[in-house]
Structures are given as C-alpha cells and as structure tokens.
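Structure at a glance
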Number of protein chains: 2
Amino acid sequence: MSQHVVVIGAVALGPKAAARFKRMEPGSSVTMIDREELISYGGCGIPYFVSGDISDSRALRSTSFHMVRDEAFFRDTKGVDVLTGVEALEIDRSARVVHARRLNDQTPLRLPYDKLVLAMGSTPRRLGLPGETLGGVRHVANLHDAERIRDAVAKGRVKKAVVVGAGFIGLEMAEALTDMWGVETSVVEIAPQILPRVVGPVLARMALRHLRSKGVRFHLGESVREFTGNEAGRVCGVRTDASRLEADLVIVAAGVIPNAGLARASGLDVSARGGIVVNARLQTSDARIYAGGDCVELRHLITGDPFYLPMGSLANRQGRVIGTNLAGGAAQFEGAQGSFVVKLFDKTVAGSGLTLETARTCGFDALSVLIVQPDRAHFYPTREAMTLELVFERGTRRILGIFGFGSAGDALVGRVDAVAAMLRYRPVIDDLSNLEMAYSPPFASAMDIVNSLGNLADNVLAGRNAVLGPDEFERLWNNGNGERPYFLDCREEADARQLVACAGERWHNIPQGRIRERLDEIPRDRPVVVVCNTGARSYEALVTLKESGLEDVASVQGGLAALGSLGAAP
Amino acid sequence: MSQHVVVIGAVALGPKAAARFKRMEPGSSVTMIDREELISYGGCGIPYFVSGDISDSRALRSTSFHMVRDEAFFRDTKGVDVLTGVEALEIDRSARVVHARRLNDQTPLRLPYDKLVLAMGSTPRRLGLPGETLGGVRHVANLHDAERIRDAVAKGRVKKAVVVGAGFIGLEMAEALTDMWGVETSVVEIAPQILPRVVGPVLARMALRHLRSKGVRFHLGESVREFTGNEAGRVCGVRTDASRLEADLVIVAAGVIPNAGLARASGLDVSARGGIVVNARLQTSDARIYAGGDCVELRHLITGDPFYLPMGSLANRQGRVIGTNLAGGAAQFEGAQGSFVVKLFDKTVAGSGLTLETARTCGFDALSVLIVQPDRAHFYPTREAMTLELVFERGTRRILGIFGFGSAGDALVGRVDAVAAMLRYRPVIDDLSNLEMAYSPPFASAMDIVNSLGNLADNVLAGRNAVLGPDEFERLWNNGNGERPYFLDCREEADARQLVACAGERWHNIPQGRIRERLDEIPRDRPVVVVCNTGARSYEALVTLKESGLEDVASVQGGLAALGSLGAAP
C-alpha cells in the first residue's frame, strides 16, 4: 500500500518528516518542494555564521559528516525527491493535488498527494514603516539574507548598525556584529526591557548590563518611526520616537509571522493569531494534511492554552512525529513549554515555562524568588555565580517557570533543563528541594542551587523568610517612596568594611552571629532591610530579628551578588 | 513549647538538621556531638584537597563566605551547641537520655533529649586482610586521614601508591595522586570493570581507557590477599591473587559501612544490610528518633526496594527534612535513584537510575541503547562528542536509567540531570524523544542527544533498527565465535579510505547513498554489520538493506566514535 507524500517547505520540519517517513515506509515516495534554492539549513546558526564563528554557510546546510544537504543528498541518502525554486500556489483538497510553479520559468506543476505536509515556516515581521525597503534594511528570512549581511560586514562596509528588536535573534545579531566585526551596534526595543515576555525584568537587566559592558548600545522603550535613506537609496539612519541613530545596516528582528496563507486559502483552520491549527498528531482540520514547525500554533503544556513558539528544535521533533504518523503511526506532540537558551557574549540566559508576568496574566496567583549560588561546590577552585529565578503558584505550590542568568553556560542550561524536564508533571516546590541532581564538587553543590531555590520558595511561602528583590532594594535605597528603612549589612566586618565606608551613614553593619547581642542598635520603629552576599545569612539574620520581636524585616534575595549583577549595589 | 534536640554526628546531615530546626524553632535548643574535633566538612571534597586543587583543608570546613564551621560558628550563627571529641555510648530511650563521654578525659556526659537525630555516617570498609594495619595503609574516614595522605605525598614520601577499589573515591584518589603529584598509582578492583554496579561495561571501558592514557594502572578482576610491610612496620607492597605491586601508600576505598551499631544496640530497627530503617519522614522505629545520611537505608525510587546510597548530597537534603520534622513539620524524603557524577581527569562519567545489569537483576525485561552525538550543534565550532546509554523496559517502554561519558562535564551532567529529573514520574522513551531541552547552537542540537537517544530506543523496540554494541562488534571483529559477518563501512569513500587500507580485506566500503545501486556487492548468505561514524547513517543503510530483502543486518551503535573511545576500532 504505497503512498505518495508531498511536503511543502524544506528547511527543518519538512526534511525531518520526509526522511522519517521514508525510513518507516521505504516503498512509498515523497516529493518535497521549496521556494528557495538553499534548503535544509540550521537557521538558528545564522548569527554564528554572521559573526564568523562559522566560516562557511555551507556548514549550516551540511550533515555532521560534511555532506551538503542538497537535492542530490536527499535523493541518494534519504530517497526523497526535492524540487527547489518551486512555489506552492494552491491546494486542491478534493482532488488531492498541490498546484505549484517553478519560479525561474513559471512552469506550472501539478503534484498529486495521498498525504500532504505543510512546513512553510514563518516570515520576519515587517514593521510597515517608511524606508523599510531601503537598501541595507534586512529582515533575516533565510540563508541568502545572512550571506548578504556577512558579506557587507566582512568587506568593512558597515560601521554602524541598528537592530530592531531585543529578542533572541536581535541580541544574537547584535553580539555577532559587535564582537567579531567591531560594528557600533544599537538595539532599539519597544518594550522597557530586553527579552520581553521571555524573562522577568531582573534577569533582563543583568543581561542588559553585560551587553552594555561589551559595547552594545540600547534604546529601550523606544518605537521606530522611520528608516532614513541617502540618495543612493541605501539606509543611513533610524528615527525612533526619542532618538535619531546613524546606520549603514538595519536588521529588523521584530518577531516572525507564521506562513499560513496557503493553509487559510485552502480552507484549513487557522487561528486568530495566524497559526495553522493542529491536533496532538499534528493533523490539520483535514486529516490527510499535517503541519508543524513555525507555521502552526501549539498548545502550552502549563496553561493548556494555544500559543506560538517558532523554534527550530520544536520543528525537528514535530517533523519526526509527522513522519511517524504519515506511515500510519500514532505519535503525539502534546505541546511545548517554551524552553530556551541564548548566549550573550560571556553570559547566558536560559529558561522554561511561564515568567511571573505571563503567569499572572494567565490567572495564576504567582510569585517568584531569586537566588545566587555557585554552580559547583563553593570550595571547588573554579566556580562561577549563577542566578536562578523560580516562578510558582502560591496555593498549590506548583512550579510554573524557571529562569537563569550566569557565566557558565552549560552548567546553567543543565539546571534549567532539569527543572524543565519536570514541568509537565506538575511538580511542586518540594520536588525541587529534594531533586536528586548528580553531585560531585567539580559539578554541583551538595545542596545544589536548584535545591536551595526550592528551599527558598518554601521559606517564603511559609512566611519564614520575607524577601525583597534586588530591584526593590534599589528603589528603597534610592528613596523612591520616601521610606526610610534601616539597611543592615550582616556580613563579617572585614567583608562589609568597604561598603560601610563608601555607602554612607545609612549603611549599618552587624555580623549575623552578633545580632543577638547587639539588638539594641537596631531601631524598632522602622522597617529593616537585611543584606549579605547572596541572601543566605540575611535570611538567618531575619529569623533572629523576627524572634526578637521585630516584625517589618526583609532580606534582599540574591544579596550583594544580585545587586552587583544588576548594577544596583549602594 | 520549647524542646531540646540532641544530634549525634556533626559532618553533613547533623549540622543541616540542627540549623534548619533552629531556624524553624529559634526558642528551642540543640546539642550536637561528634567524636572528631574537625566537623561539618565537605567530605566529597577530600580528593580535591589531596590533589592540591584545594590548598587548605579549612576550605572544606568553611562557608562560602570563608568562616570556619567550628563550635563558635555554630553557637554564634546557628544557635547550636556543639561538643566535639565526644562519643555517644548508649541511648536510654525510655529515659530519653544519650550517655556519652569525652574522649580526652573519659568524663561521662548525660544528654537528655526530647528528640534525637542519628547522623553517625559510615565507616570505610576494612578488608580484614593481613597487613591492613601497617603504616601507610589508609582508609579515608575523615579529614585527618586526608591531611595525613596529602602531607605524605606533598613531602615526596610517596613514589608508588595502590588504591584498592575502583569506585568513585578510589578513582578520584587515583587521579589526585597521579595528576598532581606524579605518584605511580595502581588501582586494584575485584570486579572485571571499574565503577562496578555504577555504570555498564561499555562506558566503564571508555573511562578506563582514558584513565590508563593518563598513566593510572589497573588490575581488574584481582583480589587483594595481603599488604606486605618493611621492618619499620610500613607498607611496601600489595599482593593480589595475580600480582605483586610495590607501594609506599595504600588507600583502601572498598566501600563504606553504615554506622548503625548504636542504633542497633538501642533496639532500633536496622536492616539486614546494616542501615538504620527509617520512614519517609526519616523517623526510625522510635518516632522521637530521626536518622539520615550514610547511616540509613533508603528506598529506591525506581524499584521501590530498600537500598544503600551514601552520598553527601542526599545527607544534606535529608538533614533539611529532619530539621523541618523536628519542628513539627511533615516533610518527606521519599527515596533516591542514585544520580552521580565523577570527574576522571579530562573526562566525566555520570548517570542516574538502574544499570542494565541491575535492572535485569531487579526483574525488569530491560535493554539498553547507546548513542554518540556532539554536545552542541554539529556546525558550532567548539563541540565535543558525548556518549549516552539509556536503559529501558521492553514492554512498558519505561525509562529505567541514563548514563553518560564525555569530555564536556557540565554538558553531560546537564543531560543526565534532565533525564534524572523525569525518572520518578515513570517516563517512557517517547517522553525522551519529545523532551523540550533548551536549544541554541552553542549549547545543544536542534534534535538534542537525549531526543536522539529516545528515538534510537524507539526504533530498536519497533524492530526498525537492530543494533550491536561496540563491545559486541569487537568480539565479532576478533572472530570470537567463528562467525564471519560482512563488515560494511557506509561512510563516504574519502572518510573510509584510511580504514579500508589498514583493516584489510574484511572491511568493505559502500557509501550509504550508493547502497541501493551496489546491492549486488553485498553477500546475501552472511550477517551484515554496518558501521558509520556514530550510528546514524548505518541505521539508514540498515533500512535500505532490509528493504532489499536482507534480514540479518545490524548497525553498530555509536559507530566508530564509540569503537574509538573503547579502543576497539579495527
């Protein structure tokens, strides 16, 4: 019972689905088409090609054993027929035919199918602004665009660049331009923080501070109004509602839009937000037609709501599910939770699940805690501080999200992945306290940072610890609301000396082990804010102060380490 | 309702339980006693102190903010009274009194308690062999022993050392002696592999090969018979059933025995294997007496059976549970699954759950698959190969264990921790195929190695892939059973050329994409063994061969990469 499958789109999901199907049903046939000539590439690698870390764009189209994935490769090694430079025009669902044309000579093509896979991906969002079609304004849609950008910077034709959008691609491109090519790069972002909706404001500010230290400029909370050009029709500047920026190159990285037009025109269900609607088997509203990757809407594993998450990794896994199901299998792709990681120069931001803001928007009575701890045993000679933020629900103690910032990329990603792996099983914070992380001093702490994070959340929920975020500390220290808390540094005298000297008379030091005997130094009519290096001793100091009858006491979570990362230390 | 708690043992669990309890009930009091003067140290750091990576043993007894955890520290910062050099002699459970004595002057002490915590840890196993009490034969029981070893090697008094036992501590000690001090070190292990019961034989051999390449010598499958001494009563050699080894220093690292004698003598339940029996609240058979850490028996989260796992990380987490419960809480420690990681020079071995052998012993119809894949996108410039082994149950598809070997420590540990975090939720291999690992080319592959591992297990279970372990390949290649399989290298000609030239006429090369057209070169009356770099192409080749009617085909899992790590390539 041989069948013929047509796949529209040959970048990530399409090839995966086609190859998997052919392995399961070698006797069947597959025709895969794509508008572009360059297919089956690792689009997430584009910033590393632009930076020069990857010297040849063919690497993004090659297997691990250095074969370029072109038409011949798919024919010989996968048994898949590929037609490049071919655009699908219409799906005749009753006749089960895709009507297409060759782009070079407009030859019409008629592609009958038993089953069809829609893998059309997404398109960078156009802003619809004046000057957006000027030369040098780039929306990075494919490998050709990446090659043009790399070519321009490599030839020294770019002195100043503006990146619109401070999401993953925008920041990775800003790093690529700044780090390897010395291009003076400014990022314009309409939201008041980088990585909006991806991480909360504290971690975003830590990452922002690092990016700025590497020379990237930022215009947050600004909205682009126009791209200005020179006589040659090339971009020379960007005007926002607050600034005028010079630019030889503009990269618009303001999100992507699912390519669902063909599906919509064919009468398939497409959501209001524009993604093709699929079930857990990744079938569209026509059971013979499957869809996945950037062109579909997914179910969020935590909220259960539909959402959109264009990620190459999801596309690959969905491609396998589709390949299995094309061959009569019953594989499921139940949804996603938004795991991510982004390298920003020497630092890394990673996370999974719901941010505090998103969790609240979704109706959760959510709160978050933040912790700073070394990534390995504190006595191990090479170690780096890592910051983790946990988002959880008050009543149920359910974990909703995990986010982190730190130097040691793999160690941070490992923690995020471990918590992320639990998320779909509805873990509570106590599961985190006892999570059995592999332990040895070169890799983890006996009480690892994820365990401590669960413990912190537990103590906050029980009312044993009252925490203040580093951003809240900053506001208090800067006397935002006219409050006059008593700031108590509970580190040892030698450690606190420098700050005592430079922070002025508002900064007081009593080592944690001396608080009980020096209680009368602490005013009982003002709020007390306790600070230490990371928040561990200030918690113990808080316990002592509360026991002595002081009620309005708070401990700064993450302590001076977090304040330092934020640039908010006194 | 103030209570008094006595804690016996002040290394890992004791201090944690005491401090947690005092934070929850500041008005209550705690007396913690220990036989030793040096308390509250990170015992897992001892090999890194012996190596010199950690210069001062005080670092192992200090907080992250460099305060030494001595009696004064516990009194001032934790409100815990500590008595060192005090040995508990008897528990009078009806009177609720611990009878103890000072070791220096034999003064008897009477310590009444409302609740009692047993945190006595474990003792290195004595082999009961002639010469075991000679000078220079060390059982590393505490920080004093570590200091003596470090002192001897630092003074150049050790030229040759023998380590008995190739478990975690034995191998870490062997690395410490070899790497930093150039001591000629031999490891004697009674089992035929290193890390017995910890990992399977293939990963063990990969690690062994690396250790040997660093100069550590091994005597596997040998049993120590005697330690021989010189006239001065110092050890000078080790005699096994097969070898005579010279040695100035012997470290016996042949496991530990729970210190449960006091509990047993007090009538508390102690298991046949010697661990104190506790419930999920970590209460002994006397509800007023808690116990945890190296002196208790735990429940295995996968098998549900009792087992023994002396790990500092578990002790810390259990300490918090006990602290909570002493204060009237209802915290639970449900068990453990055996997550571990061990650094061996430049390589790392990590894992969690049941090895194939253990799984079968426990009655599971288990099998395992092995995969080699880079730890990040294959096009990303810095990447390292990682080997993972998955143990799973045939009928239920349940994941039972995950194990790995690789260079990039944090990246490997991250994968193991992610799978480990799912284990207690009874995941099946399909959950691994779709596990949403954080993805970006510098940190992971779009289809990450854990996803590929799930896919491989799926294909093996479905009969689509038939795999041969690298050790099985080695046996076949060495003509172990007189079989004459046809060895087919399905890499591209340029990649295969060298091996074709040196492996002789038994080694055949047909690139995977050419197999269909060169089918008649392959004999149809002999088993075919297909090999590529890592096992991906050989799987595709196998699909093609099976489609053409060949039935006895197998693909070498992990390919030449695994064979290379094993030292088993042709």
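As the structure is a prediction and not an experimental result, all values here were calculated from the model.

A look at the overall build of chain A
Of regular secondary structure, chain A possesses 16 helices and 30 strands. A compact globule built from 570 residues would reach a C-alpha radius of gyration of about 25 Å, and chain A, at 27 Å, matches this within 12%. Projected onto the principal axes, the alpha-carbon positions of chain A cover approximately 90 × 60 × 45 Å. Evaluated residue by residue, chain A yields a buried proportion of 61% over its 570 residues. In chain A, 63% of the contacts between residues at least 6 apart in sequence involve partners at least 24 apart.

Considerations on the sheet that holds strand S25 (residues 399-406) of chain A
Residues and elements named next belong to chain A. The strand order S21-S22-S25-S24-S23 describes an open sheet built from 5 strands, whose pairing is antiparallel. Bordering the open sheet on either side are strand S21 (340-344) and strand S23 (366-374), each of which pairs with just one other strand. Sheet twist, expressed as the average angle between the axes of neighbouring strands with direction ignored, equals 15°. Taken together, the 7 bridges between strand S24 (residues 385-393) and S25 define a ladder with antiparallel strand orientation. Residue pairing in the sheet places Val391 in a bridge with Gly401 of S25. Docked against the sheet, helix H6 (residues 201-213) engages S21, strand S22 (347-353), S23, S24 and S25, running at close to 20° with respect to S25. The strands touched by helix H12 (residues 449-461) within the sheet are S23, S24 and S25, with S23 carrying the most contacts at an inclination of about 140°.

Structural notes on the UniProt feature "domain: Rhodanese" (unreviewed entry) in chain A
Mapped onto this structure's residue numbering, the UniProt feature "domain: Rhodanese" (unreviewed entry) falls at residues 508-568 of chain A. Counted over residues 508-568 of chain A, helix gives 33% and strand 16%. Its end C-alpha atoms are 17 Å apart.

Some thoughts on unusual backbone geometry
Although it is not a glycine, A:His66 sits at a positive phi angle of roughly 70°. Positioned with a positive phi, B:Phe345 is a non-glycine residue whose angle comes to about 55°. Residue position: B:Phe345 is located in the loop between strand S21 (340-344) and strand S22 (347-353).

Describing helix H3 (residues 71-78) of chain B
Residue and element names in this part refer to chain B. Of all the residues in H3, the buried ones are Phe73, Phe74, Thr77 and Lys78. Across the axial projection of H3, the buried residues extend over an arc of 95°, all falling on one side. The first or second residue beyond H3 is Gly79, which carries a positive phi of 65°.

Here's the deal with the sheet that holds strand S15 (residues 244-246) of chain B
Strands belonging to one sheet form pairs held by backbone hydrogen bonds; the direction of such a pair is parallel or antiparallel. All names here are of chain B. Taking strand neighbours across the sheet as the criterion, the 3 strands line up as S13-S14-S15 in an open arrangement whose pairing is antiparallel. The strands lining the two open edges of the sheet, one partner per strand, are strand S13 (224-229) and S15. Direction aside, neighbouring strands of the sheet carry axes that sit 20° apart on average. Across 3 bridges, the pairing between strand S14 (residues 235-240) and S15 is antiparallel. Residue pairing across strands places Gly237 opposite Glu246, the latter belonging to S15.

Focus: helix H4 (residues 143-154) of chain A
Residue and element names in this part refer to chain A. With 12 residues, H4 should cover 16 Å at 1.5 Å per step; its first-to-last C-alpha distance of 16 Å lies within 8% of that length. If you check which residues of H4 are buried, you get Leu143, Asp145, Ala146, Ile149, Arg150, Ala152 and Val153. Where H4 is buried, its residues touch helix H2 (46-50), strand S9 (137-139), helix H5 (168-181) and strand S16 (249-252). The residue sitting at the N-terminus of H4 and contributing the capping side-chain oxygen is Asn142; that oxygen lies 3.0 Å from the backbone nitrogen of His144. Immediately downstream of H4, the backbone of Gly156 shows phi near 75°, a positive value.

Re the interface of chain A and chain B
One widely used convention gives an interface's size as the accessible area the parts lose upon coming together. Listed as interface residues are 91 residues of chain A and, on the opposing side, 91 residues of chain B. In total, chain A and chain B occlude about 7,600 Å² of area from one another, counting both sides; carbon and sulfur atoms represent 57% of this. Together, A:Arg317, A:Glu436 and A:Phe443 form the three largest contributors to the area buried by chain A at its contact with chain B, with a combined 11%. Where chain A packs against chain B, one counts 14 salt bridges.

Topic: the relation of the copies chain A and chain B
Each of the two chain copies goes to the other by way of a rotation about an axis and a shift along it. Of the transformation placing chain A onto chain B, the axial shift is 0.0 Å and the rotation is 180°, giving an RMSD of 0.0 Å. Put plainly, the chains are arranged around a two-fold axis. Both copies present the same face, since 100% of the interface residues in chain A are matched by interface residues at the equivalent positions in chain B.

So, the nonpolar core
If you look at the biggest cluster of nonpolar residues, it comprises 338 residues, and the most contacted ones within it are A:Leu118, B:Leu118 and B:Ile276. Residue contacts for B:Leu118: discarding those within four places in its chain leaves B:Ile8, B:Leu13, B:Ile91, B:Ala263, B:Leu268, B:Ile276, B:Ile289, B:Tyr290, B:Ala291, B:Gly292 and B:Cys295.

Re the domain arrangement of chain A
Residues and elements named next belong to chain A. Under the domain assignment, chain A is made up of domain 1 (4-122 + 257-326), domain 2 (137-254), domain 3 (346-440) and domain 4 (467-566). Buried area between domain 2 and domain 4, both sides added, is near 570 Å², and the carbon and sulfur share of it is 56%. It is Val202, Arg205 and Met206 in domain 2 that bury the most area against domain 4; as a group they hold 78% of the surface buried on that side. On the surface where domain 2 and domain 4 come into contact, there are 1 salt bridge. Glu474 serves as the salt-bridge partner of Arg205, at 2.7 Å between the closest nitrogen and oxygen. There are 3 residue pairs in polar contact (both at pLDDT 80 or more) connecting domain 2 and domain 4. Of the residues belonging to the side of domain 2 that touches domain 4, the class tally is 2 nonpolar, no polar and 2 charged.

Looking at the packing of aromatic side chains
Inspection of the entire model under this criterion finds 21 aromatic pairs over all chains. Judged by centre distance (6.4 Å) and plane angle (15°), the rings of A:Phe487 and A:Trp507 are stacked. Placement of the pair is A:Phe487 in strand S27 (residues 486-489) and A:Trp507 in strand S28 (residues 507-509), with a sequence separation of 20 residues. One exposure class covers both A:Phe487 and A:Trp507, and it is buried. When the centroid spacing of 6.2 Å and the interplanar angle of 10° are considered together, the rings of B:Phe473 and B:Trp477 count as stacked. Placement of both B:Phe473 and B:Trp477 in helix H13 (residues 470-477) is noted, with a separation of 4 residues, approximately one turn of the helix. In this structure B:Trp477 comes out as buried when scored by relative accessible area, which is 12%. Through a chain of ring-to-ring contacts, three or more aromatic side chains come together here, namely A:Phe473, A:Trp477, A:Phe487 and A:Trp507. Against the face of A:Trp477 rests A:Arg506, its NZ or CZ located 4.2 Å from the ring centre. Directly above the aromatic system of B:Phe65 lies the positively charged group of A:Arg537, at a separation of 3.3 Å from the ring centroid.

Cut-offs and rules
- Residues numbered from 1 in each chain as written.
- Chains lettered and ligands numbered in written order.
- Predicted model: local features only at pLDDT ≥ 70, side-chain atom pairs only at ≥ 80, totals over all residues.
- Heavy atoms only, no water.
- Helix = DSSP H or I, 4+ residues; strand = E, 2+ residues; numbered from the N terminus.
- Rg over C-alpha atoms; globule rule 2.2 N^0.38 Å.
- Buried < 20%, exposed > 50% of the residue type's maximum accessible area, 1.4 Å probe, protein only.
- Contact = heavy atoms within 4.5 Å.
- Pairing = 2+ DSSP bridges.
- Axes fitted to C-alpha atoms, helices over the stretch in contact; angles between N-to-C directions.
- UniProt positions renumbered as here; feature names shortened; annotations may be inferred.
- Arc of directions from axis to C-beta.
- Expected span 1.5 Å × (residues − 1).
- Polar contact = N/O pair within 3.5 Å; in protein donor to acceptor, adjacent residues only side chain to side chain.
- Buried area = accessible area lost by both parts, 1.4 Å probe.
- Salt bridge = Lys/Arg side-chain N within 4 Å of Asp/Glu carboxyl O.
- Least-squares fit on C-alpha atoms with pLDDT ≥ 70 in both.
- Core = buried A, V, L, I, M, F, W, Y, C linked by side-chain atoms within 4.5 Å.
- Domains from an automatic or database assignment.
- Nonpolar A, V, L, I, M, F, W, Y, C, P; charged D, E, K, R; others polar.
- Phe/Tyr/Trp six-rings, centres within 6.5 Å; stacked < 30°, edge-to-face > 60°.
- Lys NZ or Arg CZ within 6 Å of the ring centre and 35° of its normal.

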